[in-house]
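# Coordinates in review
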Amino acid sequence: MFDPRSDALVMGVVGTGTMGRGIAQIAAAAGVSVILADARPGAAEEAVAALDAAFDRLTEKGKITADAASSAKARLTPVTPDAPDFAQCALVVEAIVEDLEAKRVLFAGLEAVVSEDCVLATNTSSLSVTAIAAACRRPERVAGFHFFNPVPLMRIVEVTPGVLTAPAATEALAGLGARMGHFAAVTRDTPGFLVNHAGRGYGTEALRILGEGVADCAAIDRILTGAAGFRMGPFELLDLIGIDVSHAVMESLYGQFYQEPRYRPSVLPRQLVAANLLGRKTGRGFYAYENGRPVLPPEAPVPDAAPRPLWIGMRNAEGAGLLMRALDGLEIETGDRPSPDAACIVAPLGEDCTTAALAENLDPRRTVAVDTLFGLDGRRTLMTNPVTDPDVRDAVHAALARGGPVTVIHDSPGFVAQRVVAMIVNIGCDIAQQRIANPADIDRAVPLGLGYPHGPLAFGDRLGPHRILAVLDALHAFTGDPRYRPSPWLKRRALLSVPLTTPEA
């Protein structure tokens, strides 16, 4: 196997589309000589010209020196498709169409022209590395080397050994990824590998919440960005990626995991795909777009409601304390039971407003719920139940709005942010439980690959494993849906009061 630190390292890249060009760019910038090939005549030459221009732009922006750009450009060599000269390559990376048979045919052909110790790497994002390697005479030298688009900016690569991959090949690719400035996460050969697998909680649970009529797209996006800290809401993200692309991935992973309930897709994106409403690229998806920007419905104004006494339920003492501080200065009753005129506020974990009101023997007509799991410094989420008096809802809305924006939602176990983040944490825990990747790699890879504010295990630790477990248990009990069953990794660590990042002994 090759030495990833060698100054004489030569790699081949087959497929010179967006991904192939990106891989070639970061390799050349890191001092690796790159031979580019493509089945389409002239495509490799076009790619080298485009990369030359990219290095020139980086020089103009002061990102690299002129000498570094000149050296990087000199390391790029296009070859014709009928005579790919890969004999000198220590590794060849394919970045062709995402088709199993096409990749297997390519790798079988490459074995005839590369050296015996040349590593063959696939940039597949969804296909089995083991299945690709099965067509090769020497499957031990085949591994996954999955980059994310745009490659120069997304500084993560998944290194995935197949069942028969030699450890030396995995180690060499991980070292090369680090040399090229990317974090190399070593992951098992399972559907979605690490990052796409970990991403199943965000969009799928948001779609479920939308499908239940709990809130509309804009409200869900505002809650997850304004309260939970995500950079982009799930529906704006689905529109950006392309609803057709996202839904195909959801269906594919659901099938590959034999209908695991945690990954169950929603019918909603399928309807949009049927109507060719695919997101930004068609001008309309979950949102309509003008000049490339989503047209968001305006937020409901703060009600001009008459103030009334507020009574805060103490069943969740920590949440009650947050509400007391957030509503300081208003008339807050301190008795064991609310007066007949008081608006009752509860702060449940995982429960809906109906369940929480009945658990505290409160009048549901005078009861609303507030999500306190993420604190109350950002956007606040106010939940009603089916019989909440509108005057009570409006009074509490106005009271909460003194300290920040408020989104009102319908009754839902786990609100919005609790549900989505609990699913993200639970799936991350199950990735650790299955030993798909180690806890440290999970938590570093997911923010890099998905832009989440924290890795899934760290997110759970910040909120408290016992709280995440409480949310999932309540969701499971209310819905009876096995998608919410807690991962053993989460349950044991919550019961033992140790961090989710704690590896097995």
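Data block above holds the structure.
As a starting point, this report considers the structure included with it. Every value quoted in this text rests on a predicted model; they were computed, and no experiment measured them.

Conventions used here
- Residues numbered from 1 in each chain as written.
- Predicted model: local features only at pLDDT ≥ 70, side-chain atom pairs only at ≥ 80, totals over all residues.
- Heavy atoms only, no water.
- Helix = DSSP H or I, 4+ residues; strand = E, 2+ residues; numbered from the N terminus.
- Buried < 20%, exposed > 50% of the residue type's maximum accessible area, 1.4 Å probe, protein only.
- Contact = heavy atoms within 4.5 Å.
- Core = buried A, V, L, I, M, F, W, Y, C linked by side-chain atoms within 4.5 Å.
- Axes fitted to C-alpha atoms, helices over the stretch in contact; angles between N-to-C directions.
- Left-handed = near helix turned anticlockwise from the far one by under 90°.
- Nonpolar A, V, L, I, M, F, W, Y, C, P; charged D, E, K, R; others polar.
- Expected span 1.5 Å × (residues − 1).
- Phe/Tyr/Trp six-rings, centres within 6.5 Å; stacked < 30°, edge-to-face > 60°.
- Lys NZ or Arg CZ within 6 Å of the ring centre and 35° of its normal.
- Salt bridge = Lys/Arg side-chain N within 4 Å of Asp/Glu carboxyl O.
- Pairing = 2+ DSSP bridges.
- Parallel < 35°, antiparallel > 145°, perpendicular 65-115°, else oblique.

### A few points about the overall build of the protein chain
Regarding its fold elements, the protein chain presents 20 helices and 16 strands. Structurally, the protein chain occupies a C-alpha span of about 85 × 50 × 45 Å along its principal axes. The buried share of the protein chain, taken over its 505 residues, is 53%. When contacts within the protein chain are restricted to residue pairs at least 6 apart in sequence, long-range pairs at least 24 apart make up 69% of them.

### Some points on the nonpolar core
Grouped together as the largest cluster of nonpolar side chains are 75 residues, with contacts concentrated most on Ile 220, Leu 224, Phe 230, Phe 235 and Phe 286. Counting residues per element, this core draws most heavily on helix α16 (residues 417–433), which supplies 11 residues. Not counting the four nearest positions on each side in its chain, Ile 220 is found in contact with Ala 206, Ile 209, Leu 210, Ala 215, Pro 234, Phe 235 and Val 416. Counting 40 residues, the second largest nonpolar core, distinct from the first, contains Ala 47, Val 93, Val 119 and Val 157.

### Observations regarding the packing of helix α8 (residues 200–211) against helix α10 (residues 234–241)
Viewed as axis vectors pointing N to C, α8 and α10 meet at an angle of 120 degrees, and their least axial separation amounts to 9 Å. Here the hand of the crossing between α8 and α10 comes out left-handed. Residue-level contacts link Tyr 202, Gly 203, Ala 206, Leu 207 and Leu 210 of α8 to Pro 234, Phe 235, Leu 237 and Leu 238 of α10. Of the residues contributing to the contact of α8 with α10, the split by class is 8 nonpolar, 1 polar and no charged.

### Things to note about helix α2 (residues 43–60)
The terminal C-alpha atoms of α2, which comprises 18 residues, lie 26 Å apart, in line with the 26 Å expected from a rise of 1.5 Å per residue. Against the buried residues of α2 lie α1 (18–29), β2 (33–37), α3 (66–74) and β3 (76–78). Phi turns positive, to about 80 degrees, at Gly 62, one or two residues after α2.

### What about the packing of aromatic side chains?
To describe a pair of aromatic rings, one takes the distance between the centres and the angle between the planes. Applying the stated rule across the entire model yields 7 aromatic pairs. Geometrically, the ring pair formed by Phe 257 and Tyr 263 is tilted, given 4.9 Å between the ring centres and 50 degrees between the ring planes. The exposure class of Tyr 263 is buried, given its relative accessible area of 3%. Through successive ring pairs, a cluster of aromatic residues spans Tyr 202, Phe 230, Tyr 452 and Phe 459. Geometry around Trp 489 places Arg 493 over its ring, the cationic atom sitting 3.5 Å from the centre.

### Remarks on the pattern of salt bridges
The full count for this structure, using the stated rule, is 27 salt bridges. Taking the shortest distance from any N to any O, the salt bridge between Arg 208 and Asp 481 comes out at 3.0 Å. Here Asp 481 lies in the loop between α19 (465–479) and α20 (488–496) and Arg 208 lies in helix α8, a separation of 273 residues in the sequence. You can call Arg 208 partly exposed: its relative accessible area is 24%. The shortest N-O distance in the salt bridge between Arg 264 and Asp 481 comes to 2.9 Å. Taken together, the positions of Arg 264 in the loop between α11 (243–256) and α12 (267–274) and Asp 481 in the loop between α19 and α20 put the pair 217 residues apart, joining distant regions of the chain. Relative accessible area serves as the criterion here: at 6%, Asp 481 is assigned to the buried category. Taken together, the salt bridges that share partners define one network made up of Glu 205, Arg 208, Glu 212, Arg 264, Arg 419, Asp 481 and Arg 483.

### Regarding the sheet that holds strand β5 (residues 119–122)
Strand order in the open sheet made by the 8 strands is β3-β2-β1-β4-β5-β6-β7-β8, with mixed pairing throughout. Strands at the two margins of the open sheet, each flanked by one partner only, are β3 and β8 (183–186). Going from strand to strand, the sheet's axes swing by 25 degrees on average, the running direction of each strand aside. Note: strand β1 (residues 10–14) against β2, 5 bridges, orientation parallel. Opposite Gly 12, over in β2, you have Ile 35 as the bridge partner.

### A word on the sheet that holds strand β15 (residues 380–383)
Pairing is mixed across the open sheet formed by 6 strands, whose spatial order is β12-β11-β13-β14-β15-β16. Since the sheet does not close on itself, it has two edges, and those belong to β12 (332–333) and β16 (406–409), each with one partner. Judged from the 4 bridges that link them, β15 and β16 form a sheet pairing that is parallel. Its bridge partner lying in β16, Leu 382 is registered against Val 408. With respect to the sheet, helix α13 (residues 317–326) is in contact with β11 (310–312), β12, β13 (343–346), β14 (367–370) and β15, its orientation differing from that of β11 by roughly 155 degrees.

### Examining the packing of helix α17 (residues 439–450) against helix α18 (residues 456–463)
In contact at an axis separation of 7 Å, α17 and α18 are set at 95 degrees when each is read in the N-to-C sense. In terms of orientation, α17 lies roughly perpendicular with respect to α18. Seen from α17, the contacting residues are Pro 439, Ile 442, Asp 443 and Val 446; seen from α18, they are Pro 456, Leu 457 and Ala 458. Broken down by class, the residue content of the contact of α17 with α18 amounts to 6 nonpolar, no polar and 1 charged.

### Things to note about unusual backbone geometry
Going from Asn 149 to Pro 150, the amide bond is cis rather than trans, its omega being -5 degrees. Position of Pro 150 among the secondary structure elements: in the loop between β6 (142–147) and β7 (156–161). Residues other than glycine seldom take positive phi values, yet Asn 361 does so here, at roughly 55 degrees. Inspection of the secondary structure assignment puts Asn 361 in the loop between α14 (353–359) and β14. One non-glycine residue, Phe 415, lies in the positive phi region at around 50 degrees. Positionally, Phe 415 belongs in the loop between β16 and α16. Under the relative-accessibility criterion, Phe 415 is labelled buried at 0%.

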